[in-house]
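Coordinates in review
In case you want the letters, here they are:
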Amino acid sequence: MTNTAASRPSIDALTVGDTVIDTTIPVSRADLIAYAAASGDHNLIHWNERYAKEVGLPNVIAHGMLTLGSVVARVTDWTGDPGSVLDARTRFTSMVVVPDAESGPPTAPTAQLALTATVGAIDAEAGVVRLDLAVSAGDDSVLGRTQVKVRLA
Amino acid sequence: MSVNTDLQGAQYSLPAPFEVGREAIAEFARAIGATHPAHVDAAAAQELGYADVVAPTTFAVIPSQRCEALYISSPDSGIDYSRVVHGQEQFTYTRPIVAGDRLAATTHVDGLRESGGNAMITTRTELTDADSGEPVVTVTSTIVVRGEK
């Protein structure tokens, strides 16, 4: 869902603690291949199961930057301006394991990210809002201390 | 082989500017599910006041990881890439990246320490406008090199 100019969030209507994004993001093995191609990060652990297991991982894992990129994209879809991010930071706390689908096409999602973004701070004078993001896959928090500062009109 | 701590403070620069193209922005936006039309439609970007299509926030990882790789993949670094996991990442923007930008990149090895058999390495990559020299975005990245057990 992308906000159009008419529905872009106004800083005056926000309160600290408001949840502004609450969504899920499915992830498939095909998504990892597409991200590898788009980003140039062809690390084998993100697409080859045998290699991932050889280096001690449970299975193929998503690029941490695919997870971060996907959730920050939801933030800019919410602000309605993809150039509105002043600062985005995270800690990668847990792996997102993306096994091959047991049947059907490799485009079938085998992992799911849960994202909520709440308003952490508002600087009305500067027109800047800090969103605090919680991102999990299954029972694991996969991004920690994730904060995105955005400029709102 | 262990990580070379003598490289604390070292710098690595891309030999030529990274040229930001519309197709690369569109492909990256698609890969992360960024749906705003300003990623793909120059007219939509211009409506928001940008010269051309706007890159997603984390697009900066492409030139920054390319520059970081000059350090990480150099035989000098002592880093076994198969043992690297990503620890932290931060983007601090001066202005958004748009198609047509030519970005110069320099990676600084800011932090390099070993603890408990692991090494934690923090790099800071400054992406600047190659033509004007003005800052665009600072990308700070921490990787952990897992020790051999």
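Scroll up a little and you will see the structure.
Residues numbered from 1 in each chain as written. Chains lettered and ligands numbered in written order. Predicted model: local features only at pLDDT ≥ 70, side-chain atom pairs only at ≥ 80, totals over all residues. Heavy atoms only, no water.

**Topic: a nonpolar patch on the surface**
All names here are of chain A. Put simply, the test is: The patch calculation keeps residues exceeding 30% relative accessible area without a salt bridge and links them within 9 Å when they carry like charges or within 5 Å when they are nonpolar (Val, Leu, Ile, Met, Phe, Trp, Tyr). Here the Shrake-Rupley method, with its probe set to 1.4 Å, supplies the accessible areas, and only the displayed protein chains count as covering residues. A pairing counts as a salt bridge when a side-chain nitrogen of Lys or Arg comes within 4 Å of a carboxyl oxygen of Asp or Glu. Runs of E in the DSSP output that reach at least two residues are strands. Runs of H or I that reach at least four are helices, and both are numbered from the N terminus. Exposure categories follow from relative accessible area, calculated using a 1.4 Å probe and restricted to protein chains: below 20% of the type maximum is buried, above 50% is exposed, and the middle band is partly exposed.
Taken together, Ile 33, Leu 44 and Trp 47 make up a surface patch of nonpolar side chains, about 260 Å² in accessible area. Along the chain, Trp 47 turns up in the loop between α1 (29-39) and α2 (49-54). On the accessibility criterion, Trp 47 (38% relative accessible area) is partly exposed.

**So, the layout of surface pockets**
Put simply, the test is: Both site types are read off a 1 Å grid over the protein atoms alone. A 1.4 Å probe that fits but cannot get out defines a cavity, while an open set with protein on both sides within 12 Å along at least five of seven lines defines a pocket; lining residues have an atom within 4 Å of a point. Grid points are joined across faces, edges and corners, and a volume is the space filled by probe spheres set on the points. Residue polarity is assigned by list, with Asp, Glu, Lys and Arg as charged and Ala, Val, Leu, Ile, Met, Phe, Trp, Tyr, Cys and Pro as nonpolar; anything else, Gly included, falls into the polar class.
In this structure, the largest pocket encloses a volume near 920 Å³. For the largest pocket, the lining is made up of 47 residues, of which Asp 41 and His 46 of chain A together with Gln 65, Tyr 81 and His 86 of chain B are closest to its centre. Elements that contribute at least two residues to the lining of the largest pocket include exactly α1, α3 (64-79) and β5 (140-151) of chain A together with β2 (18-19), α1 (22-32), α3 (61-72), β3 (84-93) and β6 (135-145) of chain B. Ranked by residue count, the leading element in the lining of the largest pocket is α3 of chain B, at 7 residues. Taken together, the residues that form the lining of the largest pocket break down as 24 nonpolar, 17 polar and 6 charged.

**Here we look at the interface of chain B and chain A**
The accessible area lost on association of the parts is a frequent measure of interface size. Where we set the bar: The contact criterion used is simple: two residues touch if any of their non-hydrogen atoms lie within 4.5 Å. Buried area: the accessible area, evaluated with a 1.4 Å probe, that two parts lose upon being put together, summed over both parts. We define a polar contact as two N or O atoms separated by no more than 3.5 Å, with the added condition that, inside protein, one atom must be a possible hydrogen donor and the other a possible acceptor, whereas residues neighbouring each other in sequence contribute only through side-chain atom pairs. Following DSSP output, two strands are said to pair if at least two bridges run between them.
Each partner contributes residues to the interface: chain B has 32 residues there, and chain A has 35 residues. Approximately 2,700 Å² of surface area, both sides summed, lies buried where chain B meets chain A, with 54% of it carried by carbon and sulfur atoms. When the area that chain B buries against chain A is broken down by residue, the three leading residues are Ile 32, His 36 and Thr 57 of chain B, summing to 17%. Where chain B packs against chain A, one counts 0 salt bridges. Put simply, chain B and chain A have 12 residue pairs in polar contact (both at pLDDT 80 or more) between them. Here the side of chain B that touches chain A gets 8 residues from one element, more than from any other, and that element is β3 of chain B. Considered class by class, the residues forming the side of chain B that touches chain A number 16 nonpolar, 13 polar and 3 charged. Examined bridge by bridge, strand β2 (residues 85-92) of chain A and β3 of chain B share 5 bridges and lie antiparallel to one another. Bridging across to β3 of chain B, Ala 88 of chain A finds its partner in Phe 91 of chain B.

**Considerations on the packing of aromatic side chains**
Cut-off, in case you're wondering: Pairing of aromatic rings covers Phe, Tyr and Trp, the last counted by its six-membered ring, and requires centre-to-centre distances within 6.5 Å; plane angles under 30 degrees mean stacked, over 60 mean edge-to-face, and any other angle means tilted.
Summed over all chains, the structure comprises 4 aromatic pairs over all chains. Ring geometry for Phe 18 of chain B and Phe 59 of chain B: centres 6.3 Å apart, planes at 70°, overall edge-to-face. Of the two residues, Phe 18 of chain B is situated in strand β2 and Phe 59 of chain B in the loop between α2 (42-47) and α3; the sequence distance between them amounts to 41 residues. Of the two residues examined, Phe 18 of chain B and Phe 59 of chain B, each falls in the buried class. In this structure an aromatic cluster arises from ring pairing among Tyr 35 of chain A together with Phe 18, Phe 28 and Phe 59 of chain B.

**Side note on the pairing of β6 of chain B**
Residues and elements named next belong to chain B. Here β6 lies mainly inside the structure; 8 of its 11 residues are buried. Summarising the sheet, β3 and β6 pair through 9 bridges and their orientation is antiparallel. Within β6, the residue paired with Val 84 across the bridge is Val 145. Sheet topology note: the strand β5 (residues 118-129)/β6 ladder contains 10 bridges and is antiparallel. Residue pairing for β6: Leu 127 is matched across the bridge by Val 137. Hairpin connection of β5 to β6: 5 residues between the antiparallel strands, including Gly 133 at a positive phi of 80°.

**Focus: empty space enclosed by the protein**
Residues and elements named next belong to chain A. Overall, the coordinates contain 3 cavities of 30 Å³ or more when judged by the stated rule. When its volume is computed, the largest cavity comes out at roughly 50 Å³. Partitioned by chemical class, the residues of the lining of the largest cavity number 8 nonpolar, 2 polar and no charged. Computed from the structure, the second largest cavity encloses a volume of approximately 40 Å³. For the lining of the second largest cavity, the element with the most residues is α3, which contributes 4 residues.

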